[in-house]
Amino acid sequence: MVLRSIDWKDGKILIIDQTCLPNQLVYKELNTLEAVAEAIVNMRVRGAPLIGITAALGMALVAYKAKNKSREEILRILKEAYNILLNTRPTAVNLRWALKRVLETAENSKEDVSKAVINLAVEMMNADIEINRKMAAVGQNIINNGDVILTHCNTGSLATVSVGTALGVIIEAFNRGKKIMVYATETRPLLQGARLTMFELIHEGVDSTLITDNAVAHAIKEKGITKVLVGADRILSDGTTFNKIGTLQLAILANHFKIPFYVVAPTSTIDMESSREDVIIEERDPNEIRKIGDTYISPKDAKVYNPAFDETPPELITGIITEKGIITPPYKYNIKKIM
Ligand code: MRU
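Residues numbered from 1 in each chain as written. Predicted model: local features only at pLDDT ≥ 70, side-chain atom pairs only at ≥ 80, totals over all residues. Heavy atoms only, no water.

Trainee: Can you walk me through the overall build of the protein chain in this structure?
Mentor: Across its full length, the protein chain carries eleven helices and 16 strands. Against the globule reference of 20 Å for 339 residues, the protein chain gives a C-alpha radius of gyration of 20 Å, in line with a compact fold. By principal-axis analysis of the C-alpha atoms, the protein chain measures approximately 65 × 50 × 40 Å. A total of 339 residues make up the protein chain; the buried ones form 56% of that total. Within the protein chain, contacts between residues at least 6 apart in sequence are counted, and of these 75% link residues at least 24 apart. Total accessible area on the protein chain is roughly 14800 Å²; 52% of this is exposed by carbon and sulfur atoms. A gap of 2 Å separates the mean positions of the 41 positive and 40 negative side-chain charges of the protein chain. (Helix = DSSP H or I, 4+ residues; strand = E, 2+ residues; numbered from the N terminus. Rg over C-alpha atoms; globule rule 2.2 N^0.38 Å. Buried < 20%, exposed > 50% of the residue type's maximum accessible area, 1.4 Å probe, protein only. Contact = heavy atoms within 4.5 Å. Areas by Shrake-Rupley, 256 points an atom, 1.4 Å probe, with all protein chains shown as cover. Lys, Arg positive; Asp, Glu negative; His and termini not counted. Charge placed at Lys NZ, Arg CZ, Asp CG, Glu CD.)

Trainee: Would you mind showing me how to read the site of the ligand here?
Mentor: In the vicinity of the ligand, 18 residues are found, and the nearest of them are Ala-48, Arg-89, Asp-233, Asn-243 and Lys-244. In this structure, an oxygen atom belonging to the ligand sits 2.9 Å away from a main-chain N or O atom of Gly-47. Contact distances for the ligand include 2.7 Å between an oxygen atom and a side-chain N or O atom of Lys-244. Within the complex, the protein chains bury 100% of what would otherwise be the 410 Å² of accessible surface of the ligand. Mapped onto the shell around the ligand, the elements with two or more residues apiece are helix H2 (48–65) and strand S9 (241–244). Class assignment for the residues of the shell around the ligand results in seven nonpolar, seven polar and four charged. Mapped onto the domain boundaries, the shell around the ligand takes at least three residues apiece from domain 1 (6–132) and domain 2 (134–338). (Near = heavy atom within 4 Å. Polar contact = N/O pair within 3.5 Å; in protein donor to acceptor, adjacent residues only side chain to side chain. Nonpolar A, V, L, I, M, F, W, Y, C, P; charged D, E, K, R; others polar. Domains from an automatic or database assignment.)

Trainee: Which parts of the structure should I look at to understand the domain arrangement of the protein chain?
Mentor: Accessible area lost when the parts come together is the quantity often used to give the size of an interface. Looking at the assigned domains, one finds that the protein chain contains domain 1 (6–132) and domain 2 (134–338). Just the C-alpha atoms count here: the centres of domain 1 and domain 2 sit 25 Å apart. Counting residues at the interface gives 29 residues for domain 1, matched by 35 residues for domain 2. Together domain 1 and domain 2 conceal approximately 2700 Å² of surface at their shared face, both sides included; 55% is due to carbon and sulfur atoms. Of all residues in domain 1, the largest losses of buried area upon contact with domain 2 belong to Arg-46, Thr-91 and Asn-132, amounting jointly to 24% of the total for that side. At the junction of domain 1 with domain 2, the criterion picks out four salt bridges. One salt bridge connects Glu-273 with Lys-100, and the closest N-O pair in it is separated by 3.4 Å. Elements with a minimum of two residues in the side of domain 1 that touches domain 2: H2, helix H4 (93–108) and helix H5 (113–139). No other element matches H5, which puts six residues into the side of domain 1 that touches domain 2. Partitioned by chemical class, the residues of the side of domain 1 that touches domain 2 number 17 nonpolar, six polar and six charged. (Buried area = accessible area lost by both parts, 1.4 Å probe. Salt bridge = Lys/Arg side-chain N within 4 Å of Asp/Glu carboxyl O.)

Trainee: So what exactly am I meant to see when it comes to the sheet that holds strand S3 (residues 27–30) here?
Mentor: Two modes of strand pairing occur in sheets, parallel and antiparallel, and in both the strands are linked by backbone hydrogen bonds. Read across the open sheet, the three strands follow the order S1-S2-S3; overall the sheet is antiparallel. The open sheet terminates on both sides in strands that have one partner only, identified here as strand S1 (6–9) and S3. Strand-to-strand, the axes of this sheet are offset by a mean angle of 25 degrees, without reference to chain direction. Sheet topology places S1 next to strand S2 (residues 12–16); four bridges connect them, and they run antiparallel. (Pairing = 2+ DSSP bridges. Axes fitted to C-alpha atoms, helices over the stretch in contact; angles between N-to-C directions.)

Trainee: Looking at this structure, how should I read the sheet that holds strand S5 (residues 181–185)?
Mentor: Taken in spatial order, the seven strands of this open sheet run S6-S5-S4-S7-S10-S15-S16, and their pairing is mixed. Each edge of the open sheet is held by one strand with a lone partner, namely strand S6 (208–211) and strand S16 (325–327). Neighbour-to-neighbour, the strand axes of the sheet open up by a mean angle of 25 degrees, direction not taken into account. Across three bridges, the pairing between strand S10 (residues 261–264) and strand S15 (residues 319–322) is parallel. By the bridge assignment for S15, Val-263 is matched with Ile-320. Strands in contact with helix H11 (residues 331–338) are S15 and S16; relative to S16, the strand with the most contacts, it is inclined by about 155 degrees.

Laid out in structure tokens, this is it:
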């Protein structure tokens, strides 16, 4: 059964609490705006598309609770919620994309604002699955029988409503009978690769092997890796890609070893408005690096640099797989065309 990360049921949001994986599959109800913001900040839900959909459903939750208030009051409450949710995590553009869509719909709806917001958020949630299915169908074409694929972070059902981006492509190729092997990086410090990607790959029955982040170059050389597939949190109009910290080194290595490096992302991850200077790379709590679980693995006062994302230049990217097709260089021209 394909995992589903989030759902909307009778005015409540139901999520898989990803902080409990892989040891426990815990479902959690989010009943307040504060709980939705906390879930995004503390990464109970994470992954660019899922962050966007969670925020949209957060707006639906607020609208649902305010449904008997005046139109003006609902719009005021929604704008407040928009600002709170927009500030939860800075890098994934899907958050801004989703919140903007919902607020614009609320402002333009002449009659029942609550209903319009709830309908749109639920529609966006369902559309995410369809978009990922299309992306998987498009993307599996680049995967050959016998491929040994390296992936990073978690880009599967758990990073989206369901199906996933890069991992969605990999699993689709496997389900179509292609004989593949997958190497997953553990993805320090929050271990999305070890905890979530390995959980999903084992759940789907794919031949998969976990490696440390430090083992990447050696594994490419020794294990016959033929392709690298990653997701994205934001892609600029020239193809510059922001994704989980460690992506840049994978792209540089793929280039060095002359193997293709693909980014898989829905068009909602493409940001045609921002330039490099506008993008904030999230820096997270130093204790994520100083500690594993409750135990310090460095001196308590060790100085730490903990960026959550990095920037991969377009010249290192072989292709960007979207639900609308595969974008190849020159990105400046071809991204504009597809958008
Ligand atoms: O910090 P996270 O776990 O939210 O980061 C997730 C990633 O970087 C993914 O690779 C990215 O969101 C694309 S996958 C859908």
